[in-house]
Amino acid sequence: MAPRIDIINGPNLNLLGEREPEIYGRETLGDIEKACTALATRLGLGLHFFQSNHEGALVDAIQAARGQAAGIVINPAAYTHSSVAIPDALAAFEGPVIELHLSNVHRREAFRHHSHVSARADAVIMGCGAQGYELALMRMARLLGRG
Ligand code: CA2
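So, a few notes on the structure that sits alongside this text. These numbers come from a predicted model, not from an experiment.

**Examining unusual backbone geometry**
Okay, so step 1: Phi is positive for Asn12, which is not a glycine, with a value near 75 degrees.
Okay, so step 2: Counting through the fold element by element, Asn12 comes out in the loop between β1 (4-9) and α1 (21-24).
Okay, so step 3: The phi dihedral of Glu20 falls on the positive side, at around 50 degrees, and the residue is not glycine.
Okay, so step 4: The residue Glu20 is located in the loop between β1 and α1 in this model.

Next up, the structure:
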């Protein structure tokens, strides 16, 4: 069976494409999911794509990946900079984790410069816009011996 990758998206990413295109691009989260689904098929990977505005729901999604998903790609959005529960949940996940940001957070406000998730991440991708999701899937395929 194709190894499953869970792509988990945090708060406000459901608004992508509606505002701030100069920071986050014009693609919607639906566009990104579609591109990831096509690429995952080409790479021989299964895909679960999830978004929530709620920290606990993100923790639940990470816990649900245990024993089911081979890897996690996560854009924790604003929770990157504030949540301890999300990295705690990721610590209990056995596979590779890739942290992803559409924007280069280091070019932005100082409060975005620290990530609580990076210490658990096998890779961090940022500043590549929507393409970052595809880069993350390609890296995940390589880490899983598929790329
Ligand atoms: O660059 C990223 O991907 C971020 O994770 C996005 C988060 C931000 O808090 C992080 O510092 C960096 C914010 C996502 C909000 O997305 C919106 C999209 C359209 C309109 C409003 C918000």
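Additional details are given in the paragraphs that follow.
**A few points about the pattern of salt bridges**
Close approach of charged atoms allows side chains of opposite charge to pair.
Okay, so step 1: Taken as a whole and assessed by the stated rule, the structure comprises five salt bridges.
Okay, so step 2: For Arg19, the salt bridge is made with Glu20, and the minimal N-O distance between the two is 3.6 Å.
Okay, so step 3: The class of Glu20 is partly exposed, set by a relative accessible area of 31%.
Okay, so step 4: Because the salt bridges share partners, they merge into one network encompassing Arg108, Glu109 and Arg112.

Procedures and definitions
Residues numbered from 1 in each chain as written. Predicted model: local features only at pLDDT ≥ 70, side-chain atom pairs only at ≥ 80, totals over all residues. Heavy atoms only, no water. Helix = DSSP H or I, 4+ residues; strand = E, 2+ residues; numbered from the N terminus. Salt bridge = Lys/Arg side-chain N within 4 Å of Asp/Glu carboxyl O. Buried < 20%, exposed > 50% of the residue type's maximum accessible area, 1.4 Å probe, protein only.

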